Amino acid sequence: MISLDEAVTARLESHGARFEVLVDPDAALEIKRGEFEGDLEEVIAAEDVFENAARGDRPAEDDLEKVFDTTDPLEIIPEVIKEGEIQITAEQRREMQEQKRKQLIDTITRNAVNPQMDNAPHPPERIDNALEEAGFTVDPMEPVQQQVDDALDALRPVIPIRFEEVTMAVQIPAEHAGSAQAKIRGFGDLEREEWQADGSWIGVLTFPAGLQNDFYDTVNEHSSGEAETELIKDKDDLNTR
């Protein structure tokens, strides 16, 4: 379960009665769209249905039976969310908006590059400032992924930016290969790998271009700076390597 501070109220009025449930805001939106695949008990603040959640008042069981044909809260809660309205306070809206803004900036930072600077990653501060300059408003009620394209459209007149992937080859010396390759292979899509006769490991990975600095930091950290990396300009070259 989540804390009351994290929850929003979903409210349904039907047959002259009111029903309220307390739920995580993102999960509520997923449930409303039919996209929720998690455990309901992990995203609610109370395994209960209320007439007035703020006061803790509960509806009559007859009203639950009349509207939902059950008194089981775990069956009723999704129905209240799907058919009702999600109520959020101004403070909750501000907090949700700030959280979504941070998630949006992180998503763009991880995937975007500056095409005028040899596809160098944009730092988060630059993305943040550019969104502010562009006057882009994050919608706290929409998933981040559905806002990325609109954000990019707003950013392009302000900074040079595009989403791009890079393919990187890395060779880890034998003394670090065992532990380092396990960390590195999870960075993106592993195009190919080879264990050399001397025990060293070579891997070729494709990942969002904005993660290049993180990739170099990870490689250096887990190889004591002894690894070799090479940016693959043309993936067709992989067939001849």
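Computed from a predicted structure; not experimentally measured. Residue numbers restart at each chain and count upward from 1, following the sequence in its written direction. In keeping with the predicted nature of the model, local features appear solely for residues at pLDDT of at least 70, side-chain atom pairs appear and are counted solely at 80 or more, and the whole-chain, interface and lining totals rest on all residues. Remark: hydrogens and water are excluded; side-chain values derive from all non-hydrogen atoms of the structure.

J.: Residue-level account of the sheet that holds strand β2 (residues 17-23), with values.
T.: One key point about sheets: their strands pair by backbone hydrogen bonds, in either a parallel or an antiparallel sense. With antiparallel pairing, the three strands of this open sheet are ordered in space as β2-β1-β3. Two strands close off the open sheet at either side, each with one partner strand: β2 and β3 (85-87). Neighbour-to-neighbour, the strand axes of this sheet turn through a mean angle of 30 degrees, independent of strand direction. Any two strands with at least two DSSP-identified bridges between them are counted as paired. Helix and strand labels come from DSSP, where a helix needs a run of H or I of at least four residues and a strand needs a run of E of at least two; each type is numbered from the N terminus. The pairing of strand β1 (residues 8-14) with β3 spans three bridges and is antiparallel. Following the sheet pairing, Thr-9 is matched in β3 by Gln-87. Where helices are involved, their axes are fitted lines through C-alpha atoms of the stretch in contact, as for all axes, and angles between N-to-C directions lie from 0 to 180°.

J.: Quick rundown of the side chain of Thr-109? Include the residues and the values.
T.: Considering the arrangement of structural elements, one finds Thr-109 in helix α4 (residues 90-111). Leave out the neighbours within four places in its chain, and Thr-109 touches His-122, Pro-123, Pro-124, Ile-127 and Gly-210. By the convention used here, residues are in contact when the closest approach between their heavy atoms is within 4.5 Å.

J.: An account of the environment of Asp-26 is requested, with residue identities and associated values reported.
T.: For Asp-26, the location among the structural elements is in helix α1 (residues 25-33). Each C-alpha atom of the pair Asp-26 and Met-96 lies 9.1 Å from the other, and the pair is 70 residues apart in sequence. For Asp-26, the residues in contact, after removing those within four places along its chain, are Gln-99 and Lys-100.

J.: Could you give me a rundown of the packing of aromatic side chains, with the residues and numbers involved?
T.: Note on ring pairs: Phe, Tyr and Trp rings are taken, using the six-membered ring of Trp, and paired if centres are within 6.5 Å. Classes follow the plane angle, with under 30 degrees stacked, over 60 edge-to-face and the rest tilted. Per the stated rule, a full pass over the model turns up five aromatic pairs. For the pair Phe-215 and Tyr-216, a centre-to-centre distance of 6.1 Å together with 65 degrees between the ring planes defines the contact as edge-to-face. Members of the aromatic cluster, joined through ring pairs, are Phe-187, Phe-207, Phe-215 and Tyr-216.

J.: So, the UniProt feature "domain: Ribosome maturation protein SDO1/SBDS C-terminal" (unreviewed entry) in the chain: which residues are in play, and what are the values?
T.: UniProt positions are given in the numbering used here, feature names are shortened, and annotations may be inferred rather than shown by experiment. Following the UniProt record, the feature "domain: Ribosome maturation protein SDO1/SBDS C-terminal" (unreviewed entry) maps to residues 168-233 here. Taken end to end, residues 168-233 is 35% helix and 38% strand, and its two terminal C-alpha atoms sit 9 Å from one another.

J.: A description of a negative patch on the surface should follow, citing residues and the corresponding values.
T.: Taken together, the side chains of Asp-39, Glu-41, Glu-42, Glu-47, Asp-72 and Glu-75 make up a negatively charged region of the molecular surface. Structurally, the position occupied by Glu-41 is in the loop between α1 and α2 (61-68). Without a salt bridge and with relative accessible area above 30%, a residue can belong to a patch; like charges are then joined within 9 Å and nonpolar side chains (Val, Leu, Ile, Met, Phe, Trp, Tyr) within 5 Å. The accessible surface values rely on the Shrake-Rupley method and a 1.4 Å probe; as for residues, cover is taken only from the protein chains in view. Any Lys or Arg side-chain nitrogen found within 4 Å of a carboxyl oxygen on Asp or Glu counts as a salt bridge. Charge assignment: positive for Lys and Arg, negative for Asp and Glu; neither His nor the chain ends contribute. Throughout, a charge is located at the NZ atom of Lys, the CZ atom of Arg, the CG atom of Asp or the CD atom of Glu.

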